[in-house]
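# Understanding the architecture of this molecule
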Amino acid sequence: MSKFEFAPMPDNQGFFGEYGGQIIPPELKSAMDAINQAYEEIRQTQGFQDELMQLFQDYVGRPSPIYHAKRLSDKLGGAQIYLKREDLNHTGAHKINHCLGEALLAKYMNKKKVIAETGAGQHGVALATACALVGIPCEIHMGQVDIEKEHPNVTKMKILGCKLVPVTQGTATLKDAVDSAFVEYLKNPKDYLYAIGSVVGPHPFPKMVRDFQSIIGREAREQFQQKFNKLPDIITACVGGGSNAIGLFTAFLDDSEVKIVGVEPAGKGLDTTEHSATLTLGTPGAIHGFKCYLLQDEAGEPLPVHSIASGLDYPGVGPQHCYLKDIERAEYDSVTDEECLDAFMTLSRVEGIIPALESAHAVAWAMREAAKLPKELQILVNLSGRGDKDADYVADKLGL
Ligand SMILES: *Cc1c(COP(=O)(O)O)cnc(C)c1O
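What counts and how
Along every chain, residues carry numbers that run from 1 in the direction the sequence is written. Restriction of local features to residues with pLDDT of at least 70 applies here, the model being predicted, together with a cutoff of 80 or more for giving and counting side-chain atom pairs; totals for whole chains, interfaces and linings are based on all residues. Water and hydrogen atoms were dropped before computing side-chain values, which therefore reflect all heavy atoms in the structure. UniProt positions are given in the numbering used here, feature names are shortened, and annotations may be inferred rather than shown by experiment. We count a stretch as a helix when DSSP gives it H or I for four or more residues in a row; a strand needs E for two or more, and each element gets its number in order from the N terminus. A pair of strands is treated as paired once DSSP finds two or more bridges between them. Axes here mean lines fitted to C-alpha atoms, for a helix over just the part in contact, with angles spanning 0 to 180 degrees between N-to-C directions. Any two residues whose heavy atoms approach within 4.5 Å at even a single point are treated as in contact. Reported domain spans reflect what an automatic or database domain assignment gives. Buried area is calculated as the accessible area (1.4 Å probe) missing from two parts once they are joined, with the contributions of both summed. Criterion for a salt bridge: a side-chain nitrogen of Lys or Arg within 4 Å of a carboxyl oxygen of Asp or Glu. Polar contact is defined as a pair of N or O atoms within 3.5 Å, subject to the rule that within protein one atom must be able to donate a hydrogen and the other to accept it, and that residues adjacent in sequence are counted only when both atoms are side-chain atoms.

## So, the UniProt feature "domain: Tryptophan synthase beta chain-like PALP" (unreviewed entry) in the protein
When the UniProt feature table is mapped onto this chain numbering, "domain: Tryptophan synthase beta chain-like PALP" (unreviewed entry) sits at residues 61–385. Secondary structure across residues 61–385 comprises 41% helix and 20% strand; the distance between its end C-alpha atoms is 14 Å.

Here it is in structure tokens:
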């Protein structure tokens, strides 16, 4: 198994080029700086590194395999598609990688409680799992509307022993849950840790979450070298906040021969207002304490966004992705809800793998491109999660 390592960016103010940083009130700045300082100390200790790597192996089930989707590739008649199977992780997605890191950090910092918000409940379940394992109290804020929609995840969080706080203010969805969780966090930032669910938010979260997720790319790079004695020609992943994508990309950033592509949700089309293609159509702005590309109105307020995959509908995006786009080290493309659904069904029926709707965006992009490329080329897709959570929804939608 590969060692736990860290990428050099961002600078010590948390900037990736002009993106990232800390756009937050002073009382929060000192809390974030304390987390950064503790993280920088703790991450270098053998105890922390050994504990995290052992959990990745024995608890999450890492390394996750790389699978050649041969029947899918044959059907498309072009480049070969490989899947990095994060869907096989304990709890069914990549999110457990950074939730374990955050829960362990909370333990090493002697925090008394971990707080977070959740939308569809994926981050909530992964965090409640990690906190149960580490033995630290966990409090998840969730909009009442989402609580009613996401029953299985709500039940899981309860079973896992976290405190679920229903939020009824405003539209009672994700944004209100963020506000509510923040209010709780600000009551005692010294004793609480706010566990952000992607590579977003103020410094040091984009860096920390990236470091915890970068195990994906380090494994994949080594696995590919071992299997083929070369690197993949193209690597791709879906981008919501951007954690599973940066987790794959980080190990390949210096390999200029590897093309890197992030896939955003085009929703009902880029020419409509119902999409969430932040890097494709956004402009620089600020949200949730950091600077990034943003889908915003004239006043700089985030616009409403849409994706068939609830894990991808965020109007901002991780600052490192913004930087990688500007320096042209990564490209960002998009696929529609319809292409996503088609990939979801095709992968299920041709390979017997039901992907998360989020991950199906990356599969859809790979399918579209593979058909145009020679058979010798290899595309590695990060299959960020499994589709159990989406199965009923898709079956209803397609009338199965
Ligand atoms: C949450 C989620 C995503 C989106 O988050 P990123 O931070 O962009 O990775 C993607 N895939 C799955 C399976 C998820 O649960």
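Moving on from the coordinates now.
## What to know about the sheet that holds strand 4 (residues 80–85)
Here six strands make up an open sheet; going across it, the order is 3-4-14-9-10-13 and the pairing mixed. Pairing within the sheet leaves two strands with one partner each, and these edge strands are strand 3 (66–68) and strand 13 (331–336). Sheet twist, expressed as the mean angle between neighbouring strand axes with direction ignored, is 30 degrees. Sheet strands in contact with helix 14 (residues 337–351) are strand 3, strand 4, strand 10 (259–267), strand 13 and strand 14 (378–383), and its direction is about 85 degrees off that of strand 13.

## Notes on the domain arrangement of the protein
According to the domain assignment, the protein contains domain 1 (20–56 + 95–210) and domain 2 (61–92 + 214–398). When each unit is reduced to the centre of its C-alpha atoms, the spacing between domain 1 and domain 2 is 24 Å. Contact with domain 1, which involves 23 residues of that partner, is made by 26 residues of domain 2. Together, the buried faces of domain 1 and domain 2 total about 1900 Å²; carbon and sulfur atoms form 62% of this surface. Our enumeration of links across domain 1 and domain 2 arrives at zero salt bridges. The interface formed by domain 1 and domain 2 contains 10 residue pairs in polar contact (both at pLDDT 80 or more).

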